[in-house]
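Listed below, chain by chain, are the residues.
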2 protein chains.
Amino acid sequence: MDKMPKGSATLRDVATAAGVHPGTASRALNEETRSLVRSETVERILFAAEQLGYKPNLLARSFKTRRTNSVGIVIPDINNPLFPPMVRGVEDRLFDSGFVTLLANTEGDPDRQRKIFESMVDRRVDGLVLATASRKDDDLAMFAAEGIPIVLINRVVEDATFSSVSVDDVVGVRMAVDHLRNLGHVRIGHVAGPQSMSTGHARYHGFLSSMAASGAPADPELVAFAEQFSVAEGERCATALLEKKRRPSAIVAGNDMLALGAVSAVEHAGLRCPEDVSIVGFNDMPFVDRLHPPLTTVRIPHYSIGARAADLLVELVRDQRGPLRVVVLAPELVVRQSTLRVPAATR
Amino acid sequence: MDKMPKGSATLRDVATAAGVHPGTASRALNEETRSLVRSETVERILFAAEQLGYKPNLLARSFKTRRTNSVGIVIPDINNPLFPPMVRGVEDRLFDSGFVTLLANTEGDPDRQRKIFESMVDRRVDGLVLATASRKDDDLAMFAAEGIPIVLINRVVEDATFSSVSVDDVVGVRMAVDHLRNLGHVRIGHVAGPQSMSTGHARYHGFLSSMAASGAPADPELVAFAEQFSVAEGERCATALLEKKRRPSAIVAGNDMLALGAVSAVEHAGLRCPEDVSIVGFNDMPFVDRLHPPLTTVRIPHYSIGARAADLLVELVRDQRGPLRVVVLAPELVVRQSTLRVPAATR
DNA sequence: CGGCGCCGCGCAAACGAGTGCACCCGCGGC
DNA sequence: GCCGCGGGTGCACTCGTTTGCGCGGCGCCG
């Protein structure tokens with residue numbers, strides 16, 4: 001009875017099989033328009049569809065409806081352990097909502113980012129999750145112009161003109177410096193992340209204000225600026241700090257990558273972490289608890305960030321023109337073994 | 001002069017602007033058919049296209065040509081540090097070839113995997129890169145049936161019925177056991193990965209044969225089988241091994257995750273790695289060099305695996321019915337600090 | 001000088017689904 | 001008994017691009 005479906009059954013096929021017009025079949029198969037068709041015929045059509053193993057051609061549908069049920073997620077580099085959990089969060093949620101996820105890495109290259117953006121809009125993604133925003137990002141205007149829903153994660157833009165989900169960077173670093181203060185540290189250094197990104201910027205200023213608020217203000221000598229969030233840059237900056245005449249007894253790093261570079265730096269300087277210098281990171285990337293030494297750091301809810309972002313995004317694509325929403329999640333200090341009370345002798 | 005493009009200029013628009021028929025414009029714009037139209041008119045059309053900022057509607061094109069220039073990459077879990085570099089490899093190459101990458105995580109759940117597969121074929125991806133194959137995987141038949149090009153990475157299926165790129169698991173473990181032998185170890189245990197996967201299977205048998213070939217065959221007491229490649233399972237299996245009356249002085253783990261679990265196990269047993277028991281992993285995941293202790297492991301070229309897979313795949317989608325190709329890359333032992341010569345006393 | 005071939009291009013038919021509009025029929029109200 | 005109304009379907013067009021086909025014109029060769 002079954003006839004061999006070449007390719008697969010088309011809407012017209014089920015229509016003729018059910019003895020109705022393709023238009024009617026379309027309505028019957030589509031949830032929202034199903035009420036327009038007599039329930040009896042609906043059943044006949046559904047049966048025929050089932051029988052023929054009808055699968056709607058998503059390309060044709062997307063072409064007609066201009067909705068692809070796909071969203072892009074663009075990040076700097078999936079190799080950065082910070083991102084996999086976030087990606088996972090958005091992918092999980094999005095898939096459950098019937099969306100498919102296009103992944104792209106910018107590698108921090110503006111040209112490549114632009115090409116990625118173009119590729120995404122050309123493919124008519126329904127929305128985007130971006131983890132690559134600069135504090136001022138002109139390319140984002142492209143999407144605004146196209147009317148494509150966006151939600152930023154982790155980093156945000158300066159003028160809150162897009163929905164976003166991130167964590168409170170300044171309370172995060174405050175927790176870090178307070179922790180260090182409580183351990184008796186006074187000369188606290190900072191290897192700051194790139195100031196072109198909101199994370200690097202906010203954490204730097206958070207460091208400054210926390211220091212000022214907790215006794216002795218920061219020594220300008222003791223902050224170095226990394227060009228990027230990499231361990232190489234972290235090492236470079238940290239060695240610079242350690243070479244000062246009066247080196248810091250503790251360093252708060254702009255993120256975990258920089259922190260890793262910092263511990264390398266103290267080792268290469270013939271010192272030990274944490275005995276000689278304490279280090280605290282930011283992000284609590286996977287596996288930093290197993291590093292040597294296990295890293296004290298401020299934890300951010302990676303997965304939740306992704307998941308919340310996905311939720312916001314589906315909301316945005318469903319009822320277009322939704323309000324712009326910015327959610328800020330709370331960080332949490334997790335103390336491990338890279339920080340130590342400063343010995344009474346050296347105090 | 002410019003007229004405001006609502007949405008964007010269509011092919012018809014540039015055709016009328018250039019005073020030609022849409023069909024002609026199509027040919028002129030398309031690289032391969034361009035030779036069919038007089039170069040003079042080509043130029044006119046190109047100019048008009050440029051002028052109007054014409055961007056072809058990829059949805060319409062895909063709908064017509066049945067090619068989406070998209071490929072799916074499905075992996076167990078992007079959180080496993082093994083995969084980001086591979087994903088990166090395929091994404092890089094694919095993007096350069098004009099493809100976009102759909103990412104999906106199966107989480108090892110067959111139901112979810114099936115849904116992902118369906119989603120992918122429904123979206124008419126041009127090809128797939130799969131890192132989730134079981135040794136016998138029936139779901140893969142779905143793609144074979146649909147005629148969708150596939151290349152397997154890392155894991156392969158038993159009957160080499162798909163193109164794949166992987167590493168030589170048995171020479172990998174042989175390097176591991178030879179290394180251990182050279183350090184004087186004789187009681188060498190193995191926490192084996194899941195036997196349903198080619199990696200777990202091949203490494204286990206590689207362990208057996210290498211042991212036999214290098215002196216004393218493996219003691220069946222000293223191998224435990226993990227249900228999955230996780231640190232929890234690694235810890236469970238390793239503690240089981242350590243509880244034997246005559247515990248092993250070294251353990252080769254099915255992969256780095258299991259190895260991490262194993263070092264936890266020796267620590268929880270009140271022993272030390274590597275002083276009391278040496279451990280060697282497999283994969284050389286990112287950051288295992290910074291772990292405590294830095295892990296001796298056999299390195300596989302993650303990025304290259306992804307990149308080669310991508311190359312194979314574009315080759316497959318370009319000239320359909322290409323030959324099935326299986327490439328096997330060479331592993332490499334990297335010795336760090338989780339392995340140590342067994343002290344003469346205990347030898 | 002006539003016919004054949006080829007080049008360049010227009011024409012129109014797809015691809016598969018969604019959707020405004022019109023039509024038909026049955027029923028209820030006046 | 002007639003008119004109106006509305007639920008249920010059919011009809012045809014649309015989305016934007018690709019592509020087979022055919023036609024007109026020009027050049028070349030016989």
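Everything that follows concerns the structure shown earlier in this document.
The structure contained in this document is the topic of the report that follows. Just so it is clear, the model here is predicted, and its values are computed rather than measured. (Residues numbered from 1 in each chain as written. Chains lettered and ligands numbered in written order. Predicted model: local features only at pLDDT ≥ 70, side-chain atom pairs only at ≥ 80, totals over all residues. Heavy atoms only, no water.)

Attention shifts here to the interface of chain B and chain A. Taken residue by residue, the interface counts 47 residues in chain B and 47 residues in chain A. For the pair chain B and chain A, the summed buried area comes to about 4,400 Å², and 58% of that belongs to carbon and sulfur atoms. With a closest N to O distance of 2.8 Å, A:Arg88 and B:Asp77 form a salt bridge. Counting the contacts that link chain B with chain A gives 25 residue pairs in polar contact (both at pLDDT 80 or more). Contributing elements (two or more residues each) for the side of chain B that touches chain A: helix 4 (58-65), helix 5 (83-96), strand 2 (100-105), helix 6 (110-122) and helix 11 (256-268) of chain B. The residue makeup of the side of chain B that touches chain A, split by class, is 22 nonpolar, 12 polar and 13 charged. Pairing analysis gives 3 bridges linking strand 2 (residues 100-105) of chain A to strand 2 of chain B, with the strands arranged antiparallel. Note on strand 2 of chain B: the bridge partner recorded for A:Thr101 is B:Leu103. (Contact = heavy atoms within 4.5 Å. Buried area = accessible area lost by both parts, 1.4 Å probe. Salt bridge = Lys/Arg side-chain N within 4 Å of Asp/Glu carboxyl O. Polar contact = N/O pair within 3.5 Å; in protein donor to acceptor, adjacent residues only side chain to side chain. Helix = DSSP H or I, 4+ residues; strand = E, 2+ residues; numbered from the N terminus. Nonpolar A, V, L, I, M, F, W, Y, C, P; charged D, E, K, R; others polar. Pairing = 2+ DSSP bridges.)

All names here are of chain B. Burial of strand 4 (residues 150-153) is two-sided: the residues Ile 150 and Leu 152 facing one way and the residues Val 151 and Ile 153 facing the other way are all buried. As defined by bridge partners, strand 3 (residues 127-130) adjoins strand 4 across 3 bridges and the pair is classed as parallel. Bridging from a neighbouring strand, Leu 128 pairs with Ile 150 of strand 4. Where the polypeptide runs from strand 3 across helix 7 (residues 140-146) and back to strand 4, its parallel neighbour, the crossover connection is right-handed. (Buried < 20%, exposed > 50% of the residue type's maximum accessible area, 1.4 Å probe, protein only. Right-handed = clockwise from strand over helix to strand, strands pointing away.)

If you check the shell around DNA strand C, you find 26 residues, and the closest are A:Thr10, A:Leu11, A:Tyr54, B:Thr24 and B:Arg38. Expressed as a percentage, the sugar and phosphate content of the atoms of DNA strand C within 4 Å of the protein is 59%. Take B:Thr41: an N or O atom from its side chain is 2.9 Å from a phosphate oxygen of DNA strand C. At the level of elements, helix 2 (22-29) and helix 4 (58-65) of chain A together with helix 2 (22-29) and helix 4 of chain B are the ones that each hand at least two residues to the surface near DNA strand C. Among the residues forming the surface near DNA strand C, the class breakdown is 9 nonpolar, 10 polar and 7 charged. (Near = heavy atom within 4 Å.)

Without other data, these values stay purely geometric and don't point to any function.
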